[in-house]
Amino acid sequence: AAGRISRTQPPDAYFRFKKIPLHSDWFEAYEITKNIFVFYESRHYEETIVNLVIGEKKAALIDTGCGIGNLREAAETVTDKPLIVINTHAHLDHVGSNTQFDEIAMFDHPLCHQVAEKGVGADIVKMEILNKDLIKGPLPPKFDHSRITRAPFKVSHWLKDGDRLDLGGCDLEAIHTPGEAPEHIC
């Protein structure tokens, strides 16, 4: 069934952007502008895109994808700045690699607290992320098949609507935009 899944991104979606070589083959990385990069999970049905915004003092990862590849290693290929994760909402394809990072910001909402404090069980992760019909190619060679659950993680910054994070020369503002999820921020 995985072979029947159609791509949501056109094959040439990033053709005009510089492709960044990575050690991992799970992510594709592209430089959009001097300080904005994307990490693309092309072999998962969700085709998750993680954005990296680099300031003078810090770099922000907007979401962390499905939790299958080593996102920290991929991001550190692009920047040596300290990394902060900003989750747009608590869906599994947006918080999957949160445990790889020390500094995390999320919107102060009950759903975010639940995922951060309790994690997500194996049955849900198997169904929503690791179902064989959702994977469009081989998993990374170092993928730990025993790590099926999504462990709880510590949130450093509980964001309110209008809060700003200073990356050094670049401020990011949290804007509450419920829609896809009631806790969604842009």
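Here, the structure is the one placed above.
These numbers come from a predicted model, not from an experiment.

Draft legend 1. Spotlight on the overall build of the chain. Each helix and strand counted, the chain has 4 helices and 10 strands in total. Along the chain, helices and strands appear, N-terminal first, in the series β-β-β-β-β-α-β-α-β-α-α-β-β-β. At 16 Å, the chain has a C-alpha radius of gyration in line with the 16 Å of a compact globule built from 186 residues. Along the longest, intermediate and shortest principal axes, the C-alpha atoms of the chain span 45 × 40 × 30 Å. Across the 186 residues of the chain, 48% fall into the buried class. Entry remark: accessible area of the chain is about 9,600 Å², with carbon and sulfur atoms responsible for 52%.

Draft legend 2. Here's a closer look at the packing of aromatic side chains. Inspection of every chain in the model, using the stated rule, returns 1 aromatic pair. Judged by centre distance (6.4 Å) and plane angle (80°), the rings of Phe27 and Phe39 are edge-to-face. Here Phe27 is found in the loop between strand 1 (18-20) and strand 2 (28-33), whereas its partner Phe39 is found in strand 3 (residues 36-40), with 12 residues between them in sequence.

Draft legend 3. Region of the structure containing the sheet that holds strand 6 (residues 83-86). If you walk across this open sheet you meet the 8 strands as 1-2-3-4-5-6-7-8, and the pairing is mixed. The open sheet has two edge strands with one neighbour each: strand 1 and strand 8 (157-159). Taking the axes of each pair of neighbouring strands and ignoring which way they run, one obtains an average angle of 25° across the sheet. Here 5 bridges tie strand 3 to strand 4 (residues 49-54), and the two strands are oriented antiparallel to one another. Directly across from Ile36, in strand 4, lies its bridge partner Val53. Packing of helix 1 (residues 71-78) onto the sheet brings it into contact with strand 1, strand 3, strand 4, strand 5 (59-62) and strand 6, and relative to strand 3 it is tilted by some 150°.

Cut-offs and rules
- Residues numbered from 1 in each chain as written.
- Predicted model: local features only at pLDDT ≥ 70, side-chain atom pairs only at ≥ 80, totals over all residues.
- Heavy atoms only, no water.
- Helix = DSSP H or I, 4+ residues; strand = E, 2+ residues; numbered from the N terminus.
- Rg over C-alpha atoms; globule rule 2.2 N^0.38 Å.
- Buried < 20%, exposed > 50% of the residue type's maximum accessible area, 1.4 Å probe, protein only.
- Areas by Shrake-Rupley, 256 points an atom, 1.4 Å probe, with all protein chains shown as cover.
- Phe/Tyr/Trp six-rings, centres within 6.5 Å; stacked < 30°, edge-to-face > 60°.
- Pairing = 2+ DSSP bridges.
- Axes fitted to C-alpha atoms, helices over the stretch in contact; angles between N-to-C directions.
- Contact = heavy atoms within 4.5 Å.

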